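What follows is the residue order along each chain.
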Amino acid sequence: MKLSKNLDENFSLLKKALVSDDITFLDLEIAKSKGVLVFINDLVNKDTLGELVLRPANSFKGKLSEKTFFSAFLSPEKKKILNLGELISDLLLGNAILIVDGISFGLSFGLKHFEKRAITEPPTSTVIKGPREGFVESLSVNVSMMRRKLKSTNLIFENLTIGEYSATTVSVCYIKGIASKKLVEKVKEQIKKIKIDAVLDSSYISKFLNQHRFSLFKQIGNTEKPDILAGKILEGRVAIFVDGSPIALTVPYLLIEDFQSASDYYNSSYSATVSRYIRVISVALALFLPALFVSAELFHLQLIPLSFLMTIVNSIKGIPLSPSYEMFFTLLIFEILNEASVRMPKYVGMVVSIVGGLVLGETAVNAGIISAPTLMIVALSGICLYTVPELEQTFSILRIVFLLIAGTLGIYGLMIAVALLVVYLTSFESYGSPLCAPFSPLIIEDNKDGLYKGFIQEFEFRPKSLNNKNKRRIKKGEL
């Protein structure tokens, strides 16, 4: 609905639509013409409002016209609004709105003022060396951090508004000339299809971007660090920011990303390579050690060395549970302790996890409910699982599935389950990139930043597993 030149008519429509008590309607006068300034109390910087709007309005001299009305205010963020719906949307975003009798449009002033969290190191990505700043809940702050990292006109932000009630700003970020135009359009198209009441965090968006709805594995990357995100979009990925969330999303996602760490790129290549192999070995131990131990106890005793077998036999005397039930029960206790420590207050949670683990474990062994080897294997598996924290939830479920299969079908059933998982992962594709690249399909060039972390001089080309343009990132003369 278009605004009219009649102030009373516009004002009555606004009053009817805006009934909340935190919305202020301030009467004022400009060159003997009545006007109304509308703003939400806690979303506007009132000092700036007085300097850039109220003072020019009170000191305005001359004949008021549509041309002089617009030029009378010095605010750098001002725009004309011709219809009521856009005016209300701008107001709810935190802008101040001015309507005047005899003027057929309103003025919107960008004077938003929100309380923001200070920029700190994100708890999920701590590093010993390298930048320590992390994204916050303010979209404008996050955009400014990316602008500081990449001072290029090719760094593009395209904003979309999602959520019927939240009207959340979602920003698609990419580097023009590197990211595939087809990928950018596909991501924007998927976001535009989202019809939901509110978007409160970037995880809402990631669920709609998933191309395999029921998959257990991640399909969308995420990070809280500007330096990591800058590196990812320089490889040809597209990033998605959500106002109100400190976590940026990235597509396409490769499984190898979660075995890489920010510190890998600030330490020596030798150290980074060793660390990556340790993470892979740790994940293998976390997933298969409980299952292999149970299958060996139940079906394949010949696989256990004799001296260790004697230790196990002595430790399980009097244990009322079968090996598979014993291992499952111990894993369940570990998961319960983990859930309790995460959801309790910080310092209480630390006490629960440490004291609970020590006291319950020791008491259970002494009481003859579980054996010491089982407790040790579960503890080792749990520790190893957190070497790749981004995949902890997925691997926790897989660990239990493998345990159940090994306890039922033995090591042969476990081998079949692993083979099926490998087939599934190698055939998995998201946004045109194979999940297991650069290993399946094997891309030799991309293995310079796979499990082996090459020297920076070796990164002559961008990853071929990503559908990017401008393949070269180091010019020959600079090698």
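Here the structure is a predicted model, which means the values were calculated and not measured. (Residues numbered from 1 in each chain as written. Predicted model: local features only at pLDDT ≥ 70, side-chain atom pairs only at ≥ 80, totals over all residues. Heavy atoms only, no water.)

A. Looking closely at the overall build of the protein chain. In terms of helices and strands, the protein chain carries 14 helices and twelve strands. In terms of overall dimensions, the protein chain is more spread out than a globule: its C-alpha atoms have a radius of gyration of 30 Å, far above the 23 Å expected for 479 residues. Dimensions of the protein chain, computed from the C-alpha atoms along their principal axes, are close to 100 × 60 × 35 Å. Out of the 479 residues in the protein chain, the part that is buried amounts to 46%. Counting only carbon and sulfur atoms, one obtains 62% of the accessible surface of the protein chain, whose full area is about 25000 Å². In the protein chain, 53 side chains carry a positive charge and 45 a negative one; their mean positions are 7 Å apart. (Helix = DSSP H or I, 4+ residues; strand = E, 2+ residues; numbered from the N terminus. Rg over C-alpha atoms; globule rule 2.2 N^0.38 Å. Buried < 20%, exposed > 50% of the residue type's maximum accessible area, 1.4 Å probe, protein only. Areas by Shrake-Rupley, 256 points an atom, 1.4 Å probe, with all protein chains shown as cover. Lys, Arg positive; Asp, Glu negative; His and termini not counted. Charge placed at Lys NZ, Arg CZ, Asp CG, Glu CD.)

B. Representation of the pattern of salt bridges in the model. Across all of its chains, the model carries 22 salt bridges by this definition. Taking the shortest distance from any N to any O, the salt bridge between glutamate 185 and lysine 188 comes out at 3.6 Å. With glutamate 185 and lysine 188 both in helix H6 (residues 181–192) and three residues apart, the pair spans about one turn of that helix. Relative accessible area serves as the criterion here: at 40%, glutamate 185 is assigned to the partly exposed category. (Salt bridge = Lys/Arg side-chain N within 4 Å of Asp/Glu carboxyl O.)

C. Quick peek at the sheet that holds strand E10 (residues 248–251). The five strands lie next to each other as E6-E7-E9-E10-E8, forming an open sheet whose pairing is antiparallel. Two strands close off the open sheet at either side, each with one partner strand: strand E6 (155–162) and strand E8 (221–223). Taking each pair of neighbouring strands and ignoring which way they run, the sheet shows an average axis angle of 25 degrees. Note: E6 against strand E7 (residues 168–175), eight bridges, orientation antiparallel. Paired with asparagine 159 across the strands is serine 171, a residue of E7. (Pairing = 2+ DSSP bridges. Axes fitted to C-alpha atoms, helices over the stretch in contact; angles between N-to-C directions.)

D. Main features of the nonpolar core. Membership of the largest hydrophobic core comes to 28 residues, with the highest contact counts inside it found for Phe259, Leu391, Phe395, Leu398 and Phe402. Those elements giving two or more residues to this core turn out to be helix H9 (269–298), helix H13 (372–385) and helix H14 (392–426). Beyond its immediate chain neighbours, meaning those up to four positions away, leucine 398 contacts Leu216, Phe217, Leu287 and Leu421. Listed in part, the 21 residues of the second largest apolar core include Ala179, Val199, Val238 and Val251. (Core = buried A, V, L, I, M, F, W, Y, C linked by side-chain atoms within 4.5 Å. Contact = heavy atoms within 4.5 Å.)

E. Geometry of the packing of helix H11 (residues 323–343) against H13. Packing of H11 against H13 leaves a shortest axis separation of 10 Å and a crossing angle of 45 degrees. Classified by the angle between their axes, H11 and H13 sit oblique to one another. Handedness of the crossing formed by H11 with H13: right-handed. On H13, the residues touching Glu326, Met327, Thr330, Leu331 and Phe334 of H11 are Thr374, Leu375, Ile377, Val378 and Gly382. Looking at the contact of H11 with H13, its residues break down into six nonpolar, three polar and one charged. (Parallel < 35°, antiparallel > 145°, perpendicular 65-115°, else oblique. Left-handed = near helix turned anticlockwise from the far one by under 90°. Nonpolar A, V, L, I, M, F, W, Y, C, P; charged D, E, K, R; others polar.)

F. Examining the packing of aromatic side chains more closely. A complete count under the given rule lists ten aromatic pairs for this structure. Their ring planes at 90 degrees and their centres at 5.9 Å tell us that phenylalanine 69 and phenylalanine 73 sit as a pair that is edge-to-face. Ring plane angle 40 degrees and centroid distance 6.3 Å describe the contact between phenylalanine 157 and phenylalanine 241, whose orientation is recorded as tilted. Here phenylalanine 157 is found in strand E6, whereas its partner phenylalanine 241 is found in strand E9 (residues 238–242), with 84 residues between them in sequence. The same class applies to phenylalanine 157 and to phenylalanine 241, which are both buried. Grouped by ring-pair contacts, the aromatic residues Phe69, Phe73, Phe105 and Phe109 constitute a single cluster. Directly above the ring of phenylalanine 70 sits lysine 80, whose terminal nitrogen or CZ lies 5.4 Å from the centroid. Lysine 80 extends its terminal NZ or CZ atom over the ring of phenylalanine 105, reaching a point 4.9 Å from the ring centre. (Phe/Tyr/Trp six-rings, centres within 6.5 Å; stacked < 30°, edge-to-face > 60°. Lys NZ or Arg CZ within 6 Å of the ring centre and 35° of its normal.)

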